[in-house]
Amino acid sequence: MASDRTVGLLGGGQLGRMLLQAANLLEIKVNILDAAGSSAKQISAHDGHIAGSFKDRDAIRALARTSDVLTVEIEHVDTYILEEVARDLGVDVQPAWSTLRTIQDKFLQKGHLLERGVATAESLALAEPSRAELERVSAELGLPLMLKSRREAYDGRGNFPVRTADDFDAALQALSGRSAQGGLQPGDVLYAEKWANFRMELAVMVVKTKDQVLSYPTVETIHEDSICKLTYAPARRVSSATNERAQALARQAVACFAGKGVFGVEMFLLPDDTLLINEIAPRPHNSGHYTIEACPVSQYEAHLRAILDLPLLAEDLELREPSIMLNILGGAGPDSHIRIAREALRQRRTKVHLYGKGEARKGRKMGHITICASTMAEAEAILAPTLALVDGTAT
Ligand code: ATP
Ligand code: MG
Ligand code: MG
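Note that the structure is a prediction, hence the values are computed from the model and not measured.

Basis of the calculations
- Residues numbered from 1 in each chain as written.
- Chains lettered and ligands numbered in written order.
- Predicted model: local features only at pLDDT ≥ 70, side-chain atom pairs only at ≥ 80, totals over all residues.
- Heavy atoms only, no water.
- Helix = DSSP H or I, 4+ residues; strand = E, 2+ residues; numbered from the N terminus.
- Contact = heavy atoms within 4.5 Å.
- Lys, Arg positive; Asp, Glu negative; His and termini not counted.
- Charge placed at Lys NZ, Arg CZ, Asp CG, Glu CD.
- Donors = N, O, S within 2.8 Å, 3.2 Å for Na, K, Ca; no water.
- Buried < 20%, exposed > 50% of the residue type's maximum accessible area, 1.4 Å probe, protein only.
- Near = heavy atom within 4 Å.
- Polar contact = N/O pair within 3.5 Å; in protein donor to acceptor, adjacent residues only side chain to side chain.
- Areas by Shrake-Rupley, 256 points an atom, 1.4 Å probe, with all protein chains shown as cover.
- Nonpolar A, V, L, I, M, F, W, Y, C, P; charged D, E, K, R; others polar.
- Salt bridge = Lys/Arg side-chain N within 4 Å of Asp/Glu carboxyl O.
- Phe/Tyr/Trp six-rings, centres within 6.5 Å; stacked < 30°, edge-to-face > 60°.
- Lys NZ or Arg CZ within 6 Å of the ring centre and 35° of its normal.

Draft legend 1. Molecular detail of the overall build of the protein. A count of helical and extended segments in the protein gives 12 helices and 18 strands. Overall, the C-alpha framework of the protein stretches about 60 × 60 × 45 Å when taken along its three principal axes. In the protein, the proportion of contacts linking residues at least 24 apart, taken out of those at least 6 apart, comes to 63%. Placing the 45 positive and 51 negative side-chain charges of the protein at their respective mean positions leaves the two points 3 Å apart.

This is the structure in structure tokens:
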């Protein structure tokens, strides 16, 4: 085995499943805390897993007692219990609980970066979710702006674009369910972000080891309905200077946080080529799935190597070939995602990943497809029939 330390994982969804695929190759033991039969547990047969919710404090204590290192596949976890088990049980929490605590509140995350001179969109917290507060922040930031939930946001749930004052009520209503959540103080619910008129969205996976901060290449991400749909590695129509600059900014951002592991850094590229950080995920990320086929060491293996202090070289993160990743989302019918997977299987150089999630709700991430080819144009041509099926434009 590559390490004699046992990893405890909070959450057993698709990111956990792909982490287990990497762990299995290295005989690294991972105890998963999630419901029985979860996506990650399906591919890991041993009796060290814990059945329960990664939100349950006692379950997290039980996981900590049987693990040497605790890590997460989702940042929306109870960091107070992680602080407790790190202190009382001496378990190594990676990335650090303090990092998870800062990052899981998007407004604190942005403040943390701004204080350290890292460029992010200008943000203001609302003292309470009210029209008066929205008026105040729009006077300062201008309209349009993006109203965001500070916590528990993903796949755009938690964002509301406010274009004119006519949108105020709808925005508050859409995000107000969140004020009732988890006993938050009124001032901790929402914040407003200056609108970023971006030319493109970019992302970089960064690996923080015990003594290095390394990055994968810069990818282009395409979101539809605020859900990541496609990634192109490397980003198309971006100069190598911008590609390098984005990697440097992402490394600078991740260096501001304590602990080890992979981090997904989402960025906006503005029309004048300025880069701004959108947000950071302290874990493997959708925009890094392509690394499984396209790089010598995937983001999942890199995460394990980082948290277990195993060797990792900058060269391990280099792109071998241009690559495209397409998410397979639940669609209009219960088997739409299967039809997409089958179409992709007919194409050369195509890898299909299905996550074993069972029921396909609309917009649910059911799997993904990766295509690597000697040029991006070739990868795009291979993807075209599958993309046409996804977009409903197949002839
Ligand atoms: P994820 O699933 O990546 O965690 P999320 O729910 O945390 O998503 P964000 O990343 O904050 O949401 O935003 C989702 C998308 O909304 C962005 O990728 C971008 O397309 C758009 N967006 C977010 N913030 C802004 C902004 N300030 N200006 C313009 N567009 C924005
Ligand atoms: Mg997010
Ligand atoms: Mg995002």
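Back to the write-up after that little detour.
Draft legend 2. Geometry of the coordination of the magnesium ion (ligand 3). Looking at the metal site, the magnesium ion (ligand 3) is ligated by Glu266 (OE), Glu266 (OE) and Glu279 (OE), spaced 2.0 to 2.7 Å from it. The metal-metal distance between the magnesium ion (ligand 3) and the magnesium ion (ligand 2) comes to 3.7 Å, with Glu279 coordinating both. Separated by 13 residues along the polypeptide, Glu266 in strand 14 (residues 261-269) and Glu279 in strand 15 (residues 275-281) bring together distant segments of the chain. The residues Glu266 and Glu279 share a single accessibility class, namely buried.

Draft legend 3. The site of ligand 1, seen in detail. Around ligand 1, a shell composed of 20 residues is seen, among which Lys148, Asp155, Gly156, Glu201 and Glu266 lie nearest. One of the side-chain N or O atoms of Lys106 is found 2.8 Å from an oxygen atom in ligand 1. Between Glu266 and ligand 1, the recorded distance is 2.8 Å, taken from a side-chain N or O atom to an oxygen atom. In isolation ligand 1 offers 620 Å² of accessible surface; the protein chains occlude 92% of this area. Of all the secondary structure elements, the ones that give two or more residues to the shell around ligand 1 are strand 7 (145-149), strand 9 (190-194), strand 14 and strand 15. A breakdown of the residues in the shell around ligand 1 according to their chemical character gives 7 nonpolar, 5 polar and 8 charged.

Draft legend 4. Looking closely at the pattern of salt bridges. Evaluation of the coordinates by the stated rule reveals 29 salt bridges. When the shortest N-O distance is used, the salt bridge between Arg101 and Glu83 registers 2.9 Å. Of the two residues, Arg101 sits in helix 4 (residues 97-104) while Glu83 sits in helix 3 (residues 79-88), which places them 18 residues apart along the sequence. Between Glu220 and Arg236 there is a salt bridge; the shortest N-O distance is 2.9 Å. On the criterion of sequence distance, the pair formed by Glu220 in strand 12 (residues 219-224) and Arg236 in the loop between strand 13 (227-233) and helix 8 (240-255) is long-range, its members being 16 residues apart. Taking the relative accessible area as the measure of exposure, Glu220 reaches 4% and is therefore buried. Through salt bridges with shared partners, one network takes in Asp58, Arg61 and Glu84.

Draft legend 5. Quick peek at helix 3. Here helix 3 has its buried residues at Thr79, Ile81, Leu82, Glu84 and Val85. Measuring from the backbone nitrogen of Tyr80 back to the side-chain oxygen at the start of helix 3 gives 2.9 Å, which picks out Asp78 as the cap. Phi turns positive, to about 70°, at Gly90, one or two residues after helix 3.

Draft legend 6. Here's a closer look at the packing of aromatic side chains. Per the counting criterion, the structure on display carries 2 aromatic pairs. Look at Phe198 and Phe268: their rings are 4.9 Å apart centre to centre, the planes differ by 5°, and that puts the pair in the stacked class. Highlighted residues: Phe198 in the loop between strand 9 and strand 10 (200-208) and Phe268 in strand 14, separated in sequence by 70 residues. In this structure, Arg236 is placed above the aromatic ring of Tyr232, and the distance from its NZ or CZ to the ring centre is 3.5 Å.

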